[in-house]
Amino acid sequence: MRMHIGAPAQAVPFPVTSAHLSASLANGMPVHNAVRTWVNQFIVQTLNGLTLAGIMFLVSSGFTLVFGVMRITNLAHGAIYLLGGYIAYSTIQVVGNFFVGMLVAGLATALLGVVLERTLIKRMRGQVMAELLATLGLVYVINDLALATWGGNPLSLTLPGFLQNSTTLPGGIVYPNGRFFILVVAALIGVFLYYLLRRTRVGAIVRAGVDDRPMVGAMGINVRLVFTMVFALGALLAGVGGALGGTVFTLAPNADAEILTFALVVVIVGGLGSFEGAVLGSLIVGLLSNYGQAYFPALAYFALFAPLVVILLVRPQGLLGRAAA
Amino acid sequence: MRPQSKVVTGAPAGQTESGTRQSLLPRLLMAVGAVVVLVIVAVLLSGGGFAGQLVTQMLVFAIAAMGVGFLGGYAGLVSLGQASMLGLGAYGVAVAMAKGFGPWTAIGISLLVTLLVALVAGLLAVRVRGIGFVIMTLAVGQILFGLSSSWVAVSGGDNGLIIPLNPSLGPLDLNDPIQLSFFVLAIFLVSAALLWTFVRSPFGLSLQGIKSNEQRLKTLGYSTRTHLYIGYVISVMFGGVAGILFVLTNGLITPTTLDFGHNGIVTLMAVIGGLGSLWGPAVGSVVVILFQQDLSLYVERWATVMGIFFVLVVIFAPDGIWGVGQALVRRLTGQSSRQPTRSIRGLPEGEPQGPGTPTDTELPEPMTERMS
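Within each chain, residue numbers correspond to sequence positions counted from 1 in written order. Lettering for chains starts from A, numbering for ligands starts from 1, and both go in the order in which the items are written. Local features in this predicted model are restricted to residues whose pLDDT is 70 or higher, and side-chain atom pairs enter the listing and the counts only when it is 80 or higher, whereas totals over whole chains, interfaces and linings include all residues.

### Overview of the overall build of chain B
Within chain B, the secondary structure is distributed over 13 helices and four strands. Around each residue's C-beta, the other C-beta atoms within 10 Å are counted; 20 or more make the residue buried, 12 or fewer make it exposed, and counts in between make it partly exposed. All C-beta atoms are placed from the backbone. Per-residue burial over chain B gives 53% buried out of 372 residues. Sequence separation of 24 or more characterises 77% of the internal contacts of chain B that already satisfy a separation of 6 or more. By definition, any uninterrupted DSSP run of H or I lasting at least four residues is a helix, any uninterrupted run of E lasting at least two residues is a strand, and each is numbered from the N terminus. Placing C-beta atoms from the backbone, we regard two residues as in contact once those atoms come within 7 Å.

### Some details on the overall build of chain A
Along its length, chain A carries 13 helices and two strands. In chain A, which comprises 325 residues, the proportion classed as buried is 56%. Sequence-distant contacts in chain A: of pairs separated by 6 or more residues, those separated by 24 or more amount to 75%.

### As for the environment of Ile-80 of chain A
Residues and elements named next belong to chain A. By secondary structure assignment, the location of Ile-80 is in helix α3 (residues 77-95). Residue Ile-80 is classed as buried on the basis of its 35 C-beta neighbours within 10 Å. In contact with Ile-80, not counting residues within four places along its chain, are Thr-109, Leu-112, Ile-142, Ala-235, Ala-238 and Gly-239.

### Concerning the environment of Met-229 of chain A
Residues and elements named next belong to chain A. As for its position among the elements, Met-229 is in helix α10 (residues 223-245). Accessibility expressed as a C-beta count within 10 Å gives 19 for Met-229, which makes it partly exposed. Taking the C-alpha atoms as reference points, Met-229 and Val-206, separated by 23 residues in sequence, lie 9.9 Å from one another.

### Section: the pairing of strand β2 (residues 173-176) of chain A
Strand pairing follows a simple DSSP-based rule, namely that at least 2 bridges must link the two strands. Relative to β2 of chain A, strand β1 (residues 166-169) of chain A is paired through four bridges, and the arrangement is antiparallel. For Ser-166 of chain A, the partnering residue across the bridge sits in β2 of chain A and is Pro-176 of chain A.

### Remarks on the confidence of the model for chain A
Where the model shows low pLDDT, its predicted coordinates should not be examined in detail. On a range of 0 to 100, pLDDT expresses the predictor's confidence in each residue. Here chain A averages 83 in pLDDT, while 89% of its residues score no lower than 70. Between residues 1-22 of chain A, whose pLDDT stays under 50, and residues either more than four places distant or in other chains, the model counts 53 contacts.

### Topic: helix α3 (residues 82-98) of chain B
Residues and elements named next belong to chain B. How far a helix is expected to stretch is found by multiplying one less than its residue total by 1.5 Å. Along its 17 residues, α3 runs 24 Å from first to last C-alpha, staying within 8% of the 24 Å computed at 1.5 Å per residue. Counting buried residues along α3, 16 of its 17 residues qualify, which places the element largely inside the surrounding structure. Gly-100 lies just past α3 and shows a positive phi near 100°.

### Things to note about the confidence of the model for chain B
Residues and elements named next belong to chain B. In this model, chain B carries an average pLDDT of 80, and 84% of its residues clear a pLDDT of 70 or more. For chain B, strand β2 (residues 168-169) is the element with the lowest average pLDDT, namely 76, and α3 is the one with the highest, namely 93. In the model, residues 1-20 has pLDDT below 50 throughout and makes 33 contacts with residues more than four positions away in sequence or in other chains. Note on residues 351-372: pLDDT is under 50 here. Beyond four places in sequence and across chains, it has 48 contacts. For this predicted complex, the interface confidence score (ipTM) comes to 0.78, while the overall pTM stands at 0.82.

### Considerations on the packing of helix α11 (residues 280-298) of chain B against helix α12 (residues 302-316) of chain B
Residue and element names in this part refer to chain B. Relative orientation of the contacting elements α11 and α12 amounts to 145°, with a least axis distance of 9 Å. At the point where α11 passes α12, the crossing takes the right-handed sense. Across the interface between the two elements, Val-288, Phe-291, Gln-292, Leu-295 and Ser-296 from α11 touch Trp-302, Val-305 and Met-306 from α12. Lys, Arg, Asp and Glu make up the charged group, whereas Ala, Val, Leu, Ile, Met, Phe, Trp, Tyr, Cys and Pro make up the nonpolar group; the residues left over, Gly among them, are polar. Looking at side-chain class alone, the contact of α11 with α12 contains six nonpolar, two polar and no charged residues. The angle between two axes is taken between their N-to-C directions and runs from 0 to 180 degrees, where each axis is a line fitted to C-alpha atoms and a helix contributes only its stretch in contact. Helix crossings fall into two classes, left-handed where the near helix is turned counterclockwise from the far one by less than a right angle and right-handed where it is turned clockwise.

### Description of the environment of Phe-61 of chain B
All names here are of chain B. Note on placement: Phe-61 falls in helix α2 (residues 49-75). On the neighbour-count criterion, Phe-61 (29 C-beta atoms within 10 Å) is buried. Sequence separation between Phe-61 and Phe-246 is 185 residues; the distance between their C-alpha atoms is 8.2 Å. Excluding residues within four positions of it along the chain, Phe-61 makes contact with Ala-242, Val-266, Met-269, Ser-285 and Ile-289.

### Considerations on unusual backbone geometry
Glycine aside, a negative phi is what most residues show, and trans is what most peptide bonds show. Residue and element names in this part refer to chain A. Non-glycine residue Arg-71 carries a positive phi angle of around 60°. Position of Arg-71 relative to the elements: it lies in the loop between α2 (34-70) and α3. Residue Arg-71 is classed as buried on the basis of its C-beta count, with 23 C-beta atoms lying within 10 Å. Look at Asn-254: it is not a glycine, yet its phi comes out positive at around 85°. Here Asn-254 shows up in the loop between α10 and α11 (255-270).

See the structure below:
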């Protein structure tokens, strides 16, 4: 019985490099005492968790933005992430520059977002479950076409030279520049999004759209255009997330499902549709998930599940649920 | 853009059972059709070989998809984690047998474990509705998938587990492929009969009531959450039973069966066939497995074709293949076509924000979703 969706049987262990990293760190580091080593490793794991949180934030902020404004649960968000990573890979192969690759990935996925919204999503406006199921169909289409184009072997992206080096932090911790780069990019995009949503006219329209769409339309604002732009922005964030994520995690069939799961957990914890919730949720889930992976590898999935359970029991709307995007 | 006003909550609650007041002709057609299908299935199964195996797989997945169709169509909760529950049932048997239990005991243990997981996961899942429920079931499914691949000591990791021996009882020997196929057929028919009973019972009717207007049923004094909880557990048990049959027929269970792609496929089967019809998900299972098996012989990109087909079904035939078939039969027999009530269009929206607090009032959002 062949039922697999073009995926290799083995699942990629998630924070692929954290174990290697800790090991290499332990070797290259003057070992003062066990406590010092443990503290240093803990700091490294925290930084890894923050990096993971940065990627999660890029992916989940796009997801939550689209949900907040359009009420669309885009299950193809993970597939778009993966596609972004693959496009960045091919662009880097041709152009030889990571930043160009990231840019092209973002633009290409944004364009895909425009096309999908204009051709498909608009046909089901307001039928939330139909929209959700249609994006589920898209998952198979996007993943299968990606498989046809890039094959099933795991690919990974390499950062440009100066980002491949490591920085020595006080206390003798050596940490790759590439990870810091991801953190900085995620933070910059976060600040930009915050500014866009909170301080600009566009952001005011988007936030108004979350609260009361018909009234926004009644005020003469082209809601159709806003929807298309928001969907494109969500796809762009996923695509850029894929390009950055591809430097840490491998790009392979099924990687999209892991990312989608992370994004879903993040937005449930943070509050579906809330931008600030995506920030908070990414930090919580990113850190917990990485600590779980590092210290309790067999039970790592429970580290992901635990915040979900607690949130659903205590505050089902999510930590910052109902806050306008 | 079609002028499609979303059914907010006050969906036509009066139109409940489209099968009860049908005239004789469609019923006769149904009966003849059922006999013909059953004969074809029996012939294919008794022939064994590739066709027999294929039909057996269709039946196995049909049971799982029926669980999704039941909960989605009648209670309005669409699950995206059924393949993981199928995997849970399968791993239950395989792990128990690896620990040295006999086949029948292992099946009992598997049922018990699936029931326990359903009871626990259900407590969380029924706290949310609509999209929240989809996400919740998907998250639970991904966690089961993660456990199956990373808890190597128990699950055998990515290599999965095999079962060395199928159960036998007196003259019934499930190691014989043809006997096993007919055993699967029997369980399928029993499952369908059970579902038929559920749906027509007061319990099934109250689930439909919850789907069309949960607030109203609460006001009438129904414990809607308990109803949905029971509905969820029943739906999961269909997945678990399918999983037991899956591992008996395949002899092997690997984490791949529990992954997101498979979870999506089982939901897809239910939706393509038609949510909320008893036989729709079974038809969906046949169609999707034919897609995978036959189309993949001719078209390398069968998954793309299947995905596009699925999107088209969602857009143009929200009642699924079964719904389209019913409409055709009605037109042919000159019956007035009635507005379907259980399609994906009527599904309540629900968000994780909404319910949850003990006093939750799932009021329809007054102003949203009305523009087209």
